[in-house]
Amino acid sequence: MDTERDARGRLWFRAGAPSAIARVQRLRAGLCLNYAAVGVVMDLLDRIDRLEAALRRSERAAKEPTTWT
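Here the residue index of a chain counts from 1 through its sequence in written order. Reporting in this predicted model follows two pLDDT cut-offs: at least 70 for local features of residues, and 80 or more for side-chain atom pairs to be given and counted; totals over whole chains, interfaces and linings ignore these cut-offs and use all residues. Here the side-chain values reflect all heavy atoms present in the structure, with hydrogen atoms and water set aside.

A.B. asks: I tried to follow the nonpolar core on my own but got confused; where do I start?
C.D. replies: The nonpolar side chains of soluble globular proteins are, as a tendency, buried together. The criterion is simple. A nonpolar core is a set of buried Ala, Val, Leu, Ile, Met, Phe, Trp, Tyr and Cys residues joined through side-chain atoms within 4.5 Å. Exposed residues in this analysis have more than 50% of their type's maximum accessible area, buried residues have under 20%, and partly exposed residues fall in between, with area computed by a 1.4 Å probe over protein chains only. Grouped together as the largest cluster of nonpolar side chains are five residues: V24, L27, L33, V38 and M42. At the level of elements, α1 (17-31) and α2 (35-63) are the ones that each hand at least two residues to this core. Strands here mean DSSP runs of E at least two residues long; helices mean DSSP runs of H or I at least four residues long; both are numbered from the N terminus.

A.B. asks: Would you mind going over α1 with me for this structure?
C.D. replies: Spacing of three or four residues puts side chains on the same side of an α-helix, whose turn is 3.6 residues. Given the number of residues in a helix, its expected span is that number minus one, multiplied by 1.5 Å. Compared with an ideal rise of 1.5 Å per residue, which puts 15 residues at 21 Å, α1 spans 21 Å between its outermost C-alpha atoms and is within 8% of the ideal. Among the residues of α1, those classed as buried are A17, V24 and L27. The buried residues of α1 occupy an angular sector of 95° when the element is viewed end-on, so they sit on one face. Seen from the buried face of α1, the exposed residues on the opposite side, beyond 90 degrees, are P18, Q25, R26, A29 and G30. Note on contacts: a residue pair is in contact if any heavy atoms of the two residues lie within 4.5 Å. The inward-facing, buried residues of α1 abut β2 (11-13) and α2. C32 sits one or two positions beyond α1 and adopts a positive phi of about 55°. What the arc describes is the spread of directions from the helix axis to the C-beta atoms.

A.B. asks: Please explain the packing of α1 against α2 as it appears in this structure.
C.D. replies: Packed helices, taken two at a time, are described by the angle their axes make and the gap between the axes. Remark: α1 packs on α2, axes separated minimally by 10 Å, with the N-to-C direction vectors making an angle of 115°. Judged by the twist between their axes, the crossing of α1 over α2 is right-handed. Contact residues: A20, R23, V24, L27 and R28 in α1; Y35, V38, V41, M42, L45 and D46 in α2. Classifying every residue of the contact of α1 with α2 by side-chain character gives eight nonpolar, no polar and three charged. Throughout, an axis means a line fitted to C-alpha atoms (over the contacting stretch in the case of helices), and angles, computed between N-to-C directions, take values from 0 to 180 degrees. Helix crossings get a hand from a simple test, with the near helix turned counterclockwise from the far one by less than a right angle marking a left-handed crossing and a clockwise turn marking a right-handed one. Residues are grouped as follows: nonpolar covers Ala, Val, Leu, Ile, Met, Phe, Trp, Tyr, Cys and Pro; charged covers Asp, Glu, Lys and Arg; every other residue, Gly included, is treated as polar.

A.B. asks: What am I meant to see in the environment of L27 here?
C.D. replies: Looking at the secondary structure, you find L27 in helix α1. Separated by 11 residues in the primary sequence, L27 and V38 have C-alpha atoms spaced 6.4 Å apart. Those residues within four positions of L27 in sequence are excluded, and the remaining contacts are C32, L33, V38, V41 and M42.

In structure tokens, the structure reads:
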């Protein structure tokens, strides 16, 4: 996770960090995975999300009428 330090040296996390941490904890506890395996699973889940989004875009584009010029 990307963090930044402020002028006082405190770490600041992005807004989505708590949900990402919760996701890691759920995967680790629910599937009894080590952290390396959690990373692989998270990468695969992100890839699935991107592929499903691309499929939805493709399906919407296929339904749009084609204009002939």
